[in-house]
Amino acid sequence: QVQLVESGGELVQAGSSLRLSCAASGLTFSSYAMGWFRQAPGKEREFVATISGSGVLINYVDSVRGRFTISRDNAKNTVYLQMNSLKPEDTAVYYCAADPFLGTIRRSGAISYWGKGTQVTVSS
């Protein structure tokens, strides 16, 4: 049974940093591209970042490029999202996703596995 468990979300002030983690189990982690999505209140879930199984290929949505960094530790079956210079508009539930194909995550397609999310709230 595949499980993706996010952690690290909390209430912070604008300009702060947070690091989200997603621990994966039940899958061959290095064979999966991993991604982060977010959903703000009243909005659709949106793609944030993705990283290939090897960690070589990385993509970001324009609104976070230069502020957020996705990384992974295949030895720990964990993917991270380092978020710097946080803004109130970054407030959302952040979800971890896993799929064999990076393109599927990047296109927000029929992704194989999802976590349950972690809340990030950025106050102004």
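Quick summary incoming for the structure in this document. Keep in mind the model is a prediction, meaning the values are calculated, not measured.

1. Topic: the nonpolar core
Argument step 1. In this structure, Met34, Trp36, Val79, Leu81, Met83 and Tyr94 are the most contacted members of the largest nonpolar core, which totals 37 residues.
Argument step 2. Looking at this core, the elements with two or more residues in it are β3 (18-25), β4 (33-39), β5 (46-51), β7 (68-73), β8 (78-83), β9 (92-99), α1 (102-106) and β11 (118-123).
Argument step 3. No other element matches the 5 residues that β9 contributes to this core.
Argument step 4. Filtering out sequence-adjacent residues up to four positions away, Tyr94 remains in contact with Glu6, Leu20, Trp36, Phe37, Arg38, Val48, Phe68, Leu81, Met83, Gly117, Thr118 and Val120.

2. Thoughts on the sheet that holds β8
Argument step 1. The 4 strands are arranged β1-β3-β8-β7 in an open sheet whose pairing can be described as antiparallel. Each edge of the open sheet carries a strand with a single partner, namely β1 (3-7) and β7. Neighbouring strand axes in the sheet, compared pairwise and without regard to direction, differ in orientation by 15 degrees on average.
Argument step 2. Both β1 and β3 contribute to a ladder of 5 bridges, which runs antiparallel. Among the inter-strand pairings, Glu6 is bridged to a residue of β3, identified as Cys22.

3. Comments concerning the pairing of β4
Argument step 1. Taken across its 7 residues, β4 has 6 buried, putting it largely inside the fold.
Argument step 2. Strand direction decides the pairing type here: β4 and β9, joined by 7 bridges, are antiparallel. Bridging across to β9, Gln39 finds its partner in Val93.
Argument step 3. Bridge count for β4 against β5 is 5 bridges, and the pairing is antiparallel. Within β5, the residue paired with Phe37 across the bridge is Phe47.

4. Topic: unusual backbone geometry
Argument step 1. Positive phi, normally seen in glycine, also occurs at Asn77, with a value near 55 degrees.
Argument step 2. Along the chain, the position of Asn77 falls in the loop between β7 and β8.
Argument step 3. Taking the relative accessible area as the measure of exposure, Asn77 reaches 25% and is therefore partly exposed.
Argument step 4. Of note in this structure, Ser108 is not a glycine but carries a positive phi near 55 degrees.
Argument step 5. With a relative accessible area of 41%, Ser108 lands in the partly exposed category.

5. A closer look at the side chain of Thr78
Argument step 1. With respect to the helices, strands and loops of the structure, Thr78 is situated in strand β8.
Argument step 2. The exposure class assigned to Thr78 is buried, which follows from its relative accessible area of 10%.
Argument step 3. A distance of 2.8 Å separates the side chain of Thr78 from the backbone oxygen of Lys76, its partner in a polar contact.
Argument step 4. Here Thr78 is in contact with Ser21, Cys22, Ala23, Phe29, Ser71, Arg72 and Asp73, once residues within four sequence places are set aside.

6. Observations concerning the state of the cysteines
Argument step 1. Counted according to the given criterion, the structure contains 1 disulfide.
Argument step 2. Each sulfur in the disulfide pair Cys22 and Cys96 lies 2.1 Å from the other. The S-S bond linking Cys22 to Cys96 shows a torsion near -80 degrees; that makes this disulfide left-handed. Within this pair, whereas Cys22 is found in strand β3, its partner Cys96 is found in strand β9, the two being separated by 74 residues in sequence. Exposure class is identical for Cys22 and Cys96. Each is buried.

Calculation rules
Residues numbered from 1 in each chain as written. Predicted model: local features only at pLDDT ≥ 70, side-chain atom pairs only at ≥ 80, totals over all residues. Heavy atoms only, no water. Core = buried A, V, L, I, M, F, W, Y, C linked by side-chain atoms within 4.5 Å. Buried < 20%, exposed > 50% of the residue type's maximum accessible area, 1.4 Å probe, protein only. Helix = DSSP H or I, 4+ residues; strand = E, 2+ residues; numbered from the N terminus. Contact = heavy atoms within 4.5 Å. Pairing = 2+ DSSP bridges. Axes fitted to C-alpha atoms, helices over the stretch in contact; angles between N-to-C directions. Polar contact = N/O pair within 3.5 Å; in protein donor to acceptor, adjacent residues only side chain to side chain. Disulfide = S-S within 2.5 Å.

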